[in-house]
Amino acid sequence: MTITEQKQLEDLLARLEGLRRIFIVGCGNCATVCQTGGEVEIEEMRKHLEEAGKEIVGSAIPDSTCETLLTKRELRRHHDAVAKTDAFLVLACGSGAQALASVVDQPVIPGCNTLFIGVTPRAGQHYEWCSACTECVIDEYGGICPITRCPKGQVHGPCGGTDNGKCEVDAEQDCVWTLILQRAEKAPGLWEKVAQRRVAPKDYSRLRRPRQRVYEPRRAGLSASDHAKG
Amino acid sequence: MGMREALQSGRFIVTAEVAPPKGIHFEHVLEEADMVRGRVTGINVTDLQSAVTRASSLGLCIRLLEAGHHPILQMVCRDRNRLSLQSELLTAAAFGVTDVLALTGDYVTLGDDKSAMPVFDLDSVQLIEAAKTLEAGHDLAGNELEGAPPSFCMGCVVNPGVEPLGPQIMKLRKKIDAGAEFIQTQAVYDPARFEYFMEQAGDLGVPVLAGIVVLKSAGMAKFMNKNVAGVTVPSALIERMQNTQDKKQETTQITIELIDALRPMCQGVHIMPLGWMHVVPPVLDALGL
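### A closer look at the nonpolar core
- In this structure, I183, Y189, F194, F197, L215 and I271 of chain B are the most contacted members of the largest nonpolar core, which totals 87 residues.
- The element contributing the most residues to this core is helix 5 (residues 124–135) of chain B, with six residues.
- Here I183 of chain B is in contact with C156, V158, L172, I176, L204, V206, P207, V208 and L209 of chain B, once residues within four sequence places are set aside.
- Counting 17 residues, the second-largest nonpolar core is a separate cluster that includes V137, L190 and W191 of chain A together with M170 of chain B.

Now the structure itself:
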């Protein structure tokens, strides 16, 4: 899931300066889970913006705002409001905001900062365990990614800044190499494998931006949840 | 004599350390180096230590070499990608700086410009590998070098004081496998802890130089105990620094005792005086080094 945080209201109002009629777009997927762009947050934002003298001409929560066709279809249902808005405020990730920007003509103001791809062990907790490095090797480390979960991406073992299982960068944060060691205590043979593993410098050519994946889809342009609804 | 010859000689080795200035005036550091002229095998030059922007390690290494000293180039992986690291190795060798210490590097946010981009394209194991690859006449991508290849004596570091120790030793062994020929450790203040480390490490096959950070004050000791991973200054040493009337004398005496206690367990010491190079000659005199 893409983890987001809402921008500070002050920052948002500065970005919205000169724009009076606003259409708010949330996201029924990640931003709803992150409590940055679900129904509740859109209502809160509506109140804040109205207090600041804005007119909220409408709002929408596409199932998944980064899926351009879903977003476009959702906006069609709000045709009249969309026609008269000065700008869109998007409470979703940067992919959602750009997907929207690609199908409307008015300015699109991002209401959130996009932080990382996250796991969510429980509500209100998001952690970065994957950095989309293009070549997954977690099986080599007991299901734990040292590339992402170490600030220095140390793949051969810990740096000298770790102590008592914690990280030099953040004393609250576990050293990923201590996590791997603890995992190995439950996984016979893992530590021996880790100790022998030598890794060539990473091939960054696949991380050339902007990355893309284009293929012939089995289903056309709609999300799985959309199909389930028929 | 370079590090390799000194290491092979089997005698007890002493290295020292200086830091490039945050500025362009090297005179003071060159004076520090002169205090140990002829007394040490090599002088490490730190590479933007503590992630603080400074003049470069290689720049000062070249100045030291010109002044007749033997520099050991420290290289961290934090600030440069593999192209730049290999370039630095080649440039160093071209100037005759061929003893190199590979380190990971403190994280950027520990330094004085927290907004900088951390690189870590290679890690310290791969940096040693990169040097070995250049020695074989090509770069990491397999492209051939022009002319005769460089030759390096690569060193590496370990922090003997951290827990858990197992992963530290595991990585240390990978550095040695990659081609490291000597080890300089993080600061040691507790000989018993160092002995434990050496036991756990077993036969490493390369010389270990125990790290000695000259203890300048009780305040510094407390700071390190709180902020430097794996470094524990025993309370007895802190009390001695607190109670002394003559700080320089006490610092010298503590350093002498520490090296004397560590001497039977290692092949040398790496003294990091943090600007107090003047205590090093009396320490070496007292120890007959």
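The structure having been displayed, the exposition proceeds.
### Considering the domain arrangement of chain A
- Along its sequence, chain A is organised into domain 1 (2–116) and domain 2 (129–197).
- Taking the mean C-alpha position of each, domain 1 of chain A and domain 2 of chain A sit 38 Å from one another.

### Details of empty space enclosed by the protein
Residue and element names in this part refer to chain A.
- Enumeration over the complete set of coordinates arrives at two cavities of 30 Å³ or more.
- Approximately 110 Å³ is the volume found for the largest cavity.
- The wall of the largest cavity is formed by 15 residues, among which C150, P151, C159, C167 and C175 lie closest to the centre.
- Residue classes in the lining of the largest cavity are distributed as nine nonpolar, two polar and four charged.
- Its boundaries defined by the atoms lining it, the second largest cavity holds a volume of some 40 Å³.
- Of the residues that constitute the lining of the second largest cavity, the class distribution is five nonpolar, two polar and one charged.

### Points about the interface of chain B and chain A
- Taken residue by residue, the interface counts 30 residues in chain B and 29 residues in chain A.
- Interface area, chain B with chain A, both sides summed: about 2300 Å², of which 54% is carbon and sulfur.
- Our count for the chain B to chain A interface comes out at one salt bridge.
- The partner of R198 of chain A in a salt bridge is E129 of chain B, with the nearest N and O atoms 2.4 Å apart.
- If you look at where chain B meets chain A, you find 16 residue pairs in polar contact (both at pLDDT 80 or more).
- It is helix 6 (residues 166–178) of chain B that provides the largest number of residues to the side of chain B that touches chain A, a total of eight residues.

Rules used throughout
- Residues numbered from 1 in each chain as written.
- Chains lettered and ligands numbered in written order.
- Predicted model: local features only at pLDDT ≥ 70, side-chain atom pairs only at ≥ 80, totals over all residues.
- Heavy atoms only, no water.
- Core = buried A, V, L, I, M, F, W, Y, C linked by side-chain atoms within 4.5 Å.
- Buried < 20%, exposed > 50% of the residue type's maximum accessible area, 1.4 Å probe, protein only.
- Helix = DSSP H or I, 4+ residues; strand = E, 2+ residues; numbered from the N terminus.
- Contact = heavy atoms within 4.5 Å.
- Domains from an automatic or database assignment.
- 1 Å grid on protein atoms, 1.4 Å probe; cavity = no way out; pocket = protein on both sides within 12 Å on 5 of 7 lines; lining within 4 Å.
- Points joined across faces, edges and corners; volume = space filled by probe spheres on them.
- Nonpolar A, V, L, I, M, F, W, Y, C, P; charged D, E, K, R; others polar.
- Buried area = accessible area lost by both parts, 1.4 Å probe.
- Salt bridge = Lys/Arg side-chain N within 4 Å of Asp/Glu carboxyl O.
- Polar contact = N/O pair within 3.5 Å; in protein donor to acceptor, adjacent residues only side chain to side chain.

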